[in-house]
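# A look at the structure
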Amino acid sequence: MYELSAILENPHALITLGVLFLAVVLFISGLLAPELTGLLSVSLLMATGVLEPQKALAGFGSPALITLMGLFAVSAALFKSGALDRLRELIAFETINTPRRLIGILGLVVAPISGIVPNTPVVASLLPVIETWCMKRNISPSRVLLPLSFATLLGGTLTLLGSSVNLLVSDISAQLGYGPLELFSFTAIGVPIWLIGTLYLLLAPQCLLPDRGREKNEFSSRSDQTVYFTEVSIPNDSELVGQSLHNSRLQRRFDVDVLELQRGRERLIPPLADRTIEPGDRLLLRVTRSDLLRLQQEHTVQLAKKKFIDDSSNLFERFVVEGQKTVEVLLPSGSTLAGASLRELRFRQRHNATVLALRRGQQTVQERLGQAILHEGDVLLLQAPIDSIRGLQASNDLLVLDQLENDLPTVTRKPIAIAIAIAMILLPSLTTLPLVASVLIAVIAMVVGGCIRPAEVQRSIRLDVILLLGSLSSFSVAMQSTGLADAFAGSLEYWLDGLPTYMALLVIFFSTTVFTQFISNAASVALLGPIAVHLAPVMNLPPSALLMTVLFGASQSFLTPMGYQTNLMVFGPGRYRFLDVTRYGAGLTLLMTLLVPLLILWQY
């Protein structure tokens, strides 16, 4: 084992230590985007001769990273096909009428989905649905949005596919000579964490989730949420035929009000809930633009010849002619736009988009927007041509929260997309087919099956995540080859000496949890994973047990808004304050700190 004196005599070790220190400072300060910090680190390790290019860049060609790239495309195809529409419908059921019942759905249904679908698109897809649910029931979004983020984090450790960090740990395990992780390597630990975490979400006192209210007019100009009056007819093959309006999907899944029913020459006005729908019926609806597009696409209704019978329809027609759209975008964690004003960024010229409003937590700033300094977690209301918005979708600095009509689900391909996703999961489990091969085959099958277009495959890949994970894997190689991992492990062993194995695991878990609140969870795993595995012989545990401890510690981001991107995504819409996250997440963090080491010992 390397002693401190040996480290001081090894110039490569000193250089690596300096690069590590610089990376940690940049991760915490946010002066550079996380992926740029990773690229700077790997380039310095190569430039100083610590690592040869082949070793330094090996992470970019690792099976784990290729798997992640394919998984992005598969997830995009699932959303585009409407595979999760049943979940949206479930949330809108009349019996789901209290925050606790909705939290139950989030914990028991949404969390497992996050085990196979990245949690960021899950949260982005469900945000408008849950906000509508809150609006209809006059409930503050702050009562339910933080549990949405936490539920996806709990589900993200159910399988290897649940998080990019899981795949990074698999890559580190392979680099250290312990072999890659299997699809269900940590499911036995992940399931109890998910169930007990969900129990906490259900039983936690409601006072921990503050009632921050909601601003009824906030961003009310969003074209997707503008209400229109339109007349539609019921085609013969509509699934609504034979159903009453009360039991139909019009009332459960969509934000639709039926104002009048015309059957032949007969005109019926509310109450219409018990009326059975027949082919050829004409309905006068009050509906949002996005729901109307969905209803048309699914052939549930057809637009009558006279499309809009209210002057407000001119807004929709003007949108179609001019190709303009109003959308919300989020500044995610690590955005290079943070810290500068809109004027300094020349935002309008750079993105061909006009900023109409800026929302920061509870505040909506609409004056002197050009001088406002942007922060991570800010939500901007933009008006721009569709082509410009599509360009924003490919940006790593902005996350488009709204859905474009051309990106709406291709619902006829829903069964195909679901079947492909199930086969992607089952094949590696039941056969010798490698997981990376299964995922890549699934991507091709999604394209051939019409679930996603080739251009959308490219757009779905998060380049910032790929660059960050590919570059961070070089840290584990450098720390191993220079002896830093041995030296740090020796120091940690000194501090843990005499502690029971459970307490030592608890310290490692909690340290990782705290560390990941200030830098990305991927960086936490890359820095702490190689150190932790060296403690395995002393603790009489296999190295994979220590890797799992670090992995689960990095995945429990319940203390700060910056801990994970989904926390930031709900921070603005929920109108939370910084300590709201800490107050609600502290109990869950304590519970996981006590539970995870026990599960590790039980498993290993």
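Since this is a predicted model, take the numbers as computed values, not measurements.

Turning our attention to unusual backbone geometry. Trans is the prevailing form of peptide bonds, just as negative phi is the prevailing case for residues other than glycine. With a phi angle near 55 degrees, Asn 138 is a residue other than glycine that sits in the positive phi range. You can see Asn 138 is positioned in the loop between helix 8 (119–137) and helix 9 (145–155).

Between helix 2 (residues 11–29) and helix 21 (residues 463–482), the shortest axis-to-axis distance is 10 Å and the interhelical angle comes to 145 degrees. The crossing of helix 2 and helix 21 is left-handed. Here His 12, Ala 13, Thr 16, Val 19, Leu 20, Ala 23 and Phe 27 of helix 2 lie close against helix 21, whose contacting residues are Leu 468, Leu 472, Phe 475, Ala 478, Met 479 and Thr 482. Here the contact of helix 2 with helix 21 is built from residues that sort into ten nonpolar, three polar and no charged.

The next subject is helix 18 (residues 414–430). Compared with the 24 Å implied by 1.5 Å per residue over 17 residues, the 24 Å span of helix 18 between its first and last C-alpha is a close match. Those residues of helix 18 that fall on the buried side of the exposure criterion are Lys 414, Ala 417, Ile 420, Ala 421, Met 424, Ile 425 and Pro 428. Structurally, helix 18 contributes buried residues whose contacts are with helix 5 (63–80), helix 6 (85–91) and helix 19 (435–448).

Let us look at empty space enclosed by the protein. Under the counting rule described, the total for this entry stands at three cavities of 30 Å³ or more. Each pocket or cavity is described by its volume, and for the largest cavity that value is around 60 Å³. Along its surface, the largest cavity is lined by Asn 119, Leu 153, Gly 156, Thr 157, Ser 163, Asn 521, Ser 555 and Tyr 564. The class makeup of the residues in the lining of the largest cavity is two nonpolar, six polar and no charged. Of the pockets and cavities examined, the second largest cavity occupies roughly 50 Å³. In terms of lining residues, the second largest cavity is bounded by Ser 62, Ala 64, Leu 65, Leu 68, Ser 164, Leu 167, Leu 168, Asp 171, Leu 469 and Gly 470. Of all the elements in the fold, those that place two or more residues in the lining of the second largest cavity are helix 5, helix 10 (164–175) and helix 21.

Here we take up the packing of helix 10 against helix 24 (residues 521–533). Contact geometry for helix 10 and helix 24: axes closest at 10 Å, N-to-C directions at 20 degrees. As the angle between them shows, helix 10 and helix 24 are arranged roughly parallel. Like other packed secondary-structure pairs, helix 10 and helix 24 cross with a definite hand, here right-handed. Only Asn 521, Ala 522, Val 525 and Ala 526 of helix 24 make contact with helix 10, whose side of the interface consists of Val 165, Leu 168, Val 169 and Ile 172. Residue composition of the contact of helix 10 with helix 24, by class: seven nonpolar, one polar and no charged.

Okay, the packing of aromatic side chains next. Under the counting rule described, the total for this entry stands at four aromatic pairs. Each ring, one from Phe 186 and one from Phe 552, has its centre 6.1 Å from the other, and the planes form 85 degrees; the classification is edge-to-face. Of this pair, Phe 186 sits in the loop between helix 10 and helix 11 (187–203) while Phe 552 sits in helix 26 (residues 543–555), and the two are 366 residues apart along the sequence. On the basis of relative accessible area, Phe 186 is assigned to the buried category, the value being 1%. Here a set of aromatic residues connected by ring pairs shows up, and it is made of Phe 150, Tyr 200, Phe 558 and Tyr 584.

Thresholds, definitions, all that
- Residues numbered from 1 in each chain as written.
- Predicted model: local features only at pLDDT ≥ 70, side-chain atom pairs only at ≥ 80, totals over all residues.
- Heavy atoms only, no water.
- Helix = DSSP H or I, 4+ residues; strand = E, 2+ residues; numbered from the N terminus.
- Axes fitted to C-alpha atoms, helices over the stretch in contact; angles between N-to-C directions.
- Left-handed = near helix turned anticlockwise from the far one by under 90°.
- Contact = heavy atoms within 4.5 Å.
- Nonpolar A, V, L, I, M, F, W, Y, C, P; charged D, E, K, R; others polar.
- Expected span 1.5 Å × (residues − 1).
- Buried < 20%, exposed > 50% of the residue type's maximum accessible area, 1.4 Å probe, protein only.
- 1 Å grid on protein atoms, 1.4 Å probe; cavity = no way out; pocket = protein on both sides within 12 Å on 5 of 7 lines; lining within 4 Å.
- Points joined across faces, edges and corners; volume = space filled by probe spheres on them.
- Parallel < 35°, antiparallel > 145°, perpendicular 65-115°, else oblique.
- Phe/Tyr/Trp six-rings, centres within 6.5 Å; stacked < 30°, edge-to-face > 60°.

Function cannot be inferred from these measures alone, as they are strictly geometric.
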